[in-house]
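As a plain string of letters, each chain reads:
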Amino acid sequence: MNDFSVGWEEWLALPGLGLPALKAKTDTGARTSALHAFNIQPFGSEANPKVRFGMHPIPERPDIAVYCSASVVDQREVTSSNGVTELRYVIKTPVTMGGRTWDIEITLTNRENMAYRMLLGRTALDGISVHPDESFRQPQLSYDLYATLVKRRPVKRSLRIAILTREPNNYSTRRLVQAAEAADHVVELIDTKRCYLNIKSHAPEVHYDGKPLPMFDAVIPRVGASLTFYGMAVVRQFEAMGTYCLNGAESIGASRDKLAAHQILARHRISMPTTAFANSPKDTESLIDLAGGAPIVLKLLQSTQGKGVVLAETKKAASAVVSAFQGLDANFIAQEFVKEAAGSDLRCFVVGRRVVASMIRSSADGDFRSNLHAGGVAKKVRITKQERVMAQDAARALGLRVAGVDIIRSENGPKVLEVNSSPGLEGIEKTTGKNVAEIIIEHIEANVRPPKMARQRAVRIE
Ligand code: ADP
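A brief structural summary.

1. Digging into the sheet that holds strand E20 (residues 296-300)
Backbone hydrogen bonds are what pair the strands of a sheet, in a parallel or an antiparallel way.
Phase 1 of the analysis: The strand order across the open sheet built from 4 strands is E19-E22-E20-E21, with neighbouring strands paired in antiparallel fashion. This sheet does not close on itself; its edge strands, each paired only once, are strand E19 (275-276) and strand E21 (309-312).
Phase 2 of the analysis: Strands E19, E20 and strand E22 (332-336) of the sheet are contacted by helix H4 (residues 258-267), whose axis makes an angle of about 50 degrees with E22.

2. A word on the nonpolar core
Phase 1 of the analysis: By size, the foremost hydrophobic cluster in this structure holds 37 residues, and its most contacted members are Leu14, Leu19, Leu35, Phe53 and Met118.
Phase 2 of the analysis: Those elements giving two or more residues to this core turn out to be strand E2 (9-14), strand E3 (19-26), strand E6 (49-55), strand E7 (66-79), strand E8 (85-97), strand E9 (100-109) and strand E10 (118-120).
Phase 3 of the analysis: Those residues in contact with Met118 that sit more than four places away from it in its chain are Leu12, Leu14, Leu22, Lys23, Ala24, Lys25, Ser33, Ala34, Leu35, Ile104, Ile106 and Arg111.
Phase 4 of the analysis: Of all hydrophobic cores here, the second largest spans 28 residues; its members include Ile163, Ala218, Val356 and Ile439.

3. Thoughts on the environment of Ile58
Phase 1 of the analysis: Within the secondary structure, Ile58 is located in the loop between E6 and E7.
Phase 2 of the analysis: Filtering out sequence-adjacent residues up to four positions away, Ile58 remains in contact with Ile64, Arg117, Tyr143 and Tyr146.

4. Remarks on the pattern of salt bridges
Phase 1 of the analysis: Evaluation of the coordinates by the stated rule reveals 19 salt bridges.
Phase 2 of the analysis: In this structure, Glu336 engages Lys415 in a salt bridge whose closest nitrogen and oxygen atoms are separated by 3.8 Å. With a gap of 79 residues between them, Glu336 in strand E22 and Lys415 in strand E27 (residues 413-420) connect regions that are remote in the sequence.
Phase 3 of the analysis: Judged by its relative accessible area of 9%, Lys415 falls in the buried class.

5. Regarding the packing of helix H2 (residues 228-240) against helix H3 (residues 249-256)
Phase 1 of the analysis: Here H2 crosses H3 at 160 degrees, and the two axes come no closer than 8 Å. Judged by the angle between their axes, H2 and H3 are roughly antiparallel. Contacts between H2 and H3 pair Thr228, Met232, Val235, Arg236 and Glu239 from the former with Ala249, Glu250, Ile252, Gly253 and Arg256 from the latter.

6. Digging into the sheet that holds strand E24 (residues 354-362)
Phase 1 of the analysis: Taking strand neighbours across the sheet as the criterion, the 5 strands line up as E25-E24-E23-E26-E27 in an open arrangement whose pairing is antiparallel. Each edge of the sheet is formed by a strand with only one pairing partner; in this case those strands are strand E25 (377-380) and E27. Going across the sheet, the axis of each strand differs from the next one's by a mean of 30 degrees, ignoring polarity.
Phase 2 of the analysis: Strand direction decides the pairing type here: strand E23 (residues 344-351) and strand E26 (residues 402-410), joined by 6 bridges, are antiparallel. By the bridge assignment for E26, Arg347 is matched with Asp406.

7. Structural notes on the packing of aromatic side chains
Phase 1 of the analysis: Counting across every chain of the model gives 7 aromatic pairs.
Phase 2 of the analysis: Their ring planes at 85 degrees and their centres at 5.9 Å tell us that Phe4 and Trp102 sit as a pair that is edge-to-face. Here Phe4, found in the segment before strand E1 (5-7), pairs with Trp102, found in strand E9; they are 98 residues apart in sequence, far enough to count as distant. Grouping residues by exposure puts Phe4 and Trp102 together as buried.
Phase 3 of the analysis: Between Tyr143 and Tyr146, the ring centres sit 6.4 Å apart and the planes meet at 45 degrees, which makes this aromatic pair tilted.

8. Section: the environment of Ala24
Phase 1 of the analysis: Tracing the chain through its elements places Ala24 in strand E3.
Phase 2 of the analysis: By relative accessible area, Ala24 is classed as buried at 1%.
Phase 3 of the analysis: Sequence separation between Ala24 and Leu87 is 63 residues, and the spatial gap between their C-alpha atoms is 22 Å.
Phase 4 of the analysis: Sequence-distant contacts of Ala24, defined by excluding residues within four places in its chain, comprise Trp8, Glu9, Glu10, Leu12, Tyr116, Met118 and Leu120.

9. Some words on the packing of helix H1 (residues 171-182) against helix H9 (residues 436-447)
Phase 1 of the analysis: Closest axis-to-axis distance for the H1/H9 pair is 8 Å, and the angle between their directions is 55 degrees. In terms of their interaxial angle, H1 and H9 are classed as oblique. The handedness of the crossing between H1 and H9 comes out as right-handed. Across the interface between the two elements, Arg175, Leu176, Ala179 and Ala180 from H1 touch Ala437, Glu438, Ile440 and Ile441 from H9.
Phase 2 of the analysis: For the contact of H1 with H9, the class distribution of residues is 6 nonpolar, no polar and 2 charged.

Reading guide: rules and limits
Residues numbered from 1 in each chain as written. Predicted model: local features only at pLDDT ≥ 70, side-chain atom pairs only at ≥ 80, totals over all residues. Heavy atoms only, no water. Pairing = 2+ DSSP bridges. Helix = DSSP H or I, 4+ residues; strand = E, 2+ residues; numbered from the N terminus. Contact = heavy atoms within 4.5 Å. Axes fitted to C-alpha atoms, helices over the stretch in contact; angles between N-to-C directions. Core = buried A, V, L, I, M, F, W, Y, C linked by side-chain atoms within 4.5 Å. Buried < 20%, exposed > 50% of the residue type's maximum accessible area, 1.4 Å probe, protein only. Salt bridge = Lys/Arg side-chain N within 4 Å of Asp/Glu carboxyl O. Parallel < 35°, antiparallel > 145°, perpendicular 65-115°, else oblique. Phe/Tyr/Trp six-rings, centres within 6.5 Å; stacked < 30°, edge-to-face > 60°. Left-handed = near helix turned anticlockwise from the far one by under 90°. Nonpolar A, V, L, I, M, F, W, Y, C, P; charged D, E, K, R; others polar.

Treat this as a map of the structure, not an account of what it does.
Structure below.
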């Protein structure tokens, strides 16, 4: 293709998918192109596998959804820029740009949080020169082209929602059920531990009580820390079925593993207290120094509710704790102690791309930990813009649509302590008076638009 060149962003059309205008970012760092897709559903036969999926082509208009289907040419493991590896469907379809049309391979993934619905990778740009400092070298298109498609808002309808939980009676579960039922949805409580999986390549299923579960429109994972490994497998299976999962398996896993979460946040340049990690006992001294010396906070990687978090006032105490952890073969991190936070931290509750409620938690009795389960008290708080943006960025970096982001106020500005993928509703709702459960259900409504197929399939299975 002589004289054909593209900039770092371009308009294009995917006529085979019924998408007349998309703004794409060129990414020569990626091999294959990627397209935003939700509700990805495999169907067809083993010999002729197909996939159907929904697509919000206009980032600012989640109400405009187009449903597409295509033949699957492959399934491939792809690692995205936030370090998360997922198995993606690969489709082949024509792309049109500047009057030319050629076939390209595209992987399908949820890019809901991304500014560009499509990434154009190297193989799609074979023989085309890329000018990374220029945008729109090819003719621009307009999203108005969607006006000619059926653009009416989908009819508001009852959704079939599953909550994955081992605690059907706890506050968070009860509130989510209440909020969903108030909006005329149907909720089923599924005990994560009683699910078993049928891992077939073209028709993955989750079984429960001797029967395959139906297609749910959405799954709300409330996976406890003790069941992370199995809970992730169940969520992954629902994702493979094309069900909209409020938080994905990989994101839940990354947020549960404090070390992985720190690495991902660091990669996204999100401020955190200085943190060090080491495995060999020989490195105890330098590990403590690396995190700024005593006093120092030592955290078990699997800790929740502040239970595995220790403040060592002196280097000697720190060494003793490190030896004890190492003796137990426990993984831990050493972290700079943010003294000026004085036992307080912020809990920012993120739904979608926004912080919808926030509170400040303070320890009751001089403890440096502010966890409510450990007797801390909470108050409503106005957070700064910097704190709000930081919480939103942290949730997005981990790919979480619902997250409780804990931020500590240090003298050098806010720092993220941790990101929780199943944040409790009781503390935040009671403290702020906000109906967070309703906001979560509204987020699901805005993002779940299953194609007709899904509905017919759900009915047939019953
Ligand atoms: P968990 O996941 O077990 O709740 P956190 O990392 O959130 O562990 O720590 C528990 C509490 O300890 C936090 O809410 C905070 O109040 C306090 N804390 C944790 N890390 C630090 C730190 N580096 N400096 C000061 N206080 C901290």
